[in-house]
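# Geometric and topological summary
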Amino acid sequence: MTIDVLDPTHGEEHPELQPVDRLTSLDGLTVGIVSNGKQGTRPFFDAFERELRDTYGVAEVVRRTKTNYSAPADPEIMDEATEWSALVSGIGD
Amino acid sequence: MNGERLSVPSVGIMTSAFVDAAELMGHVLGAPGFPFVVVEHPISSADAAMLTERAEKAAAECVAVLLGQPLTRS
Amino acid sequence: MAPVVDQLQSRRFTLDAAHEAQEFYHSRGWSDGLPVVPPTPEAVAACLDWVGLPPDHLVGVEPVRQRAITAEKVAINAVMAGCLPMHMPVLVTAITAMLSEPFGVHGATASTGGSAILLVVNGPIRAEVGMTSTFNAAGPSDRATTVIGRAVRLVVMNLLDVRPGGIDRSTFGHPGKISFCVAEDEEHSPWLPLAAERLTPAGVDPAMAYDPATSAVTAMAAMAPRQIMNEWTTEPERILDTYVAEIRANMRHYSIWPGHYAIVIPPQLRAHFEAAGWSKADIRAYVFSRARIRREEWSEVGKGAVVGDKGDREYQALPDEDHLLVVAAGGPAGGFGLVIPPWLGPKSRAVTVPVGACVDC
């Protein structure tokens, strides 16, 4: 029997940041990883990418470097991101 | 984000442990409400086994956010 | 006017079954790790109905991003913590105190120091909601204090975004961060309640001015409680010397900076103060004068490197007598006492708010 439960956070105050569609699986999809490309984080994101492919069935991983380290992604990358199924962004890394 | 609409399900990864709390707030203030997972430091000096472990944990948490569901594996 | 349940603004999720709520909330970082009671619209509405607040009533403002903390959001976290509707008045009051400017909630909860939020509850509401102030007073003494203390932490996590490893940079924290709520024992105490003195303006006699029908909550940023023991004297000064020794140890071992200390005095020791006719004011005066160390004492505890030529400088634990919170609580047997040190000196002030006060009335 279903139940309705409520969000205990402020989540609902930023509807512009709600995902348009919920994903039900990453199997066969394309995921973009956007980081600031710092050398030290590359091996981490390599392992992260491997895990997405091996365990979650992600078909394609696109790696991009952003210029503004404190924001999720540049406008140019956001344009490209419309072709992806999901975006993972390194913040402050 | 400047209020730009995200057309793609997204999640952030915070990888620095030494970021001061106020600075951390500054990062996310650029995109209020943007969901993120935190990965333990250090990243750059971690050995391969530790990196893999952290990457797996981060991937699981990111996937949970993206799917909006309890953790599952395919 | 639409029923409260239809006025709720929060995002709703439909789960296939009630038990899925655990993984759903935990995987999003919305829980402290313990199971949560699923916050259904009906349960949340029941909390708001009891406390008579509309969902969008402003309880306070989250200080960093200036976001509104509404009654609805507090009620959601209350239900998750296990609160019943009747716990809401105390919880709303606690949140109000925590969000007030002198408390400095952002620093207190984000700091590496890892303090918890100690709540001390006074007044008739304690008995009305089943709080006990005897056995286990500083631990899980009863449902009400345990879930209200927990709800405060869930609010801090979910509405202030303070989570371990995120904004919460605590090196250790302590178990009080799960829940830390004490009901004062007013019925078996010779003294006025903590809130009576803290809410009465200076120069006015609290015994005359304080209305015993008042219920109130005091919030203090607090480190873990330390237990002392002195069953070998009936002299108030000697008993307090043991409390003072623990305060001085905190100054030597943890932090030398002055701030609020709370001391909890159980029945077995209160009897001696009562026999000697000591008031809380007498206790505060004695502790204020004695709880001091000289900087050179740091050399004895491994901190000699920073003594320098300031060895003679004296530091007080308390900026003034009123910074000592004296609380009557504890089980009937045991000549123990508690010393609860501040997070970090003067950076956070304890705040006392009467139940029923509001910022948006």
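## Things to note about the packing of helix H3 (residues 41-51) of chain C against helix H4 (residues 71-81) of chain C
Residues and elements named next belong to chain C. In contact at an axis separation of 9 Å, H3 and H4 are set at 120 degrees when each is read in the N-to-C sense. The two elements H3 and H4 meet at a crossing, and its hand is right-handed. Residues Ala43, Val44, Cys47 and Leu48 of H3 lie in contact with H4, whose contacting residues are Ala71, Glu72, Ala75, Ile76, Ala78 and Val79. Counted by class, the contact of H3 with H4 contains nine nonpolar, no polar and one charged residues.

## Here's the deal with the environment of Gly37(A)
Residues and elements named next belong to chain A. Structurally, Gly37 can be placed in the loop between strand E2 (30-35) and helix H1 (42-56). A count of 16 C-beta atoms within 10 Å places Gly37 in the partly exposed class. The spatial distance from the C-alpha of Gly37 to the C-alpha of Pro75 is 17 Å, given a sequence separation of 38 residues.

## Topic: the sheet that holds strand E4 (residues 116-122) of chain C
Residue and element names in this part refer to chain C. Pairing in this open sheet of four strands is mixed, and the strands run E5-E4-E6-E13 from one edge to the other. Among the strands making up the open sheet, the edge pair consists of strand E5 (181-183) and strand E13 (351-354). On average, each strand axis in the sheet is tilted by 20 degrees relative to the strand beside it, whichever way the strands run. Relative to E13, strand E6 (residues 216-222) runs antiparallel, the two sharing four bridges. Residue pairing for E13: Val217 is matched across the bridge by Val353.

## A few points about the sheet that holds strand E7 (residues 226-229) of chain C
Residues and elements named next belong to chain C. If you walk across this open sheet you meet the four strands as E7-E12-E8-E11, and the pairing is mixed. This sheet does not close on itself; its edge strands, each paired only once, are E7 and strand E11 (324-328). Taking each pair of neighbouring strands and ignoring which way they run, the sheet shows an average axis angle of 25 degrees.

Scoring rules and cut-offs
Residues numbered from 1 in each chain as written. Chains lettered and ligands numbered in written order. Predicted model: local features only at pLDDT ≥ 70, side-chain atom pairs only at ≥ 80, totals over all residues. Axes fitted to C-alpha atoms, helices over the stretch in contact; angles between N-to-C directions. Helix = DSSP H or I, 4+ residues; strand = E, 2+ residues; numbered from the N terminus. Left-handed = near helix turned anticlockwise from the far one by under 90°. Contact = placed C-beta atoms within 7 Å. Nonpolar A, V, L, I, M, F, W, Y, C, P; charged D, E, K, R; others polar. Buried ≥ 20, exposed ≤ 12 C-beta atoms within 10 Å, placed from the backbone. Pairing = 2+ DSSP bridges.

Any functional reading would require information beyond the geometric quantities listed.
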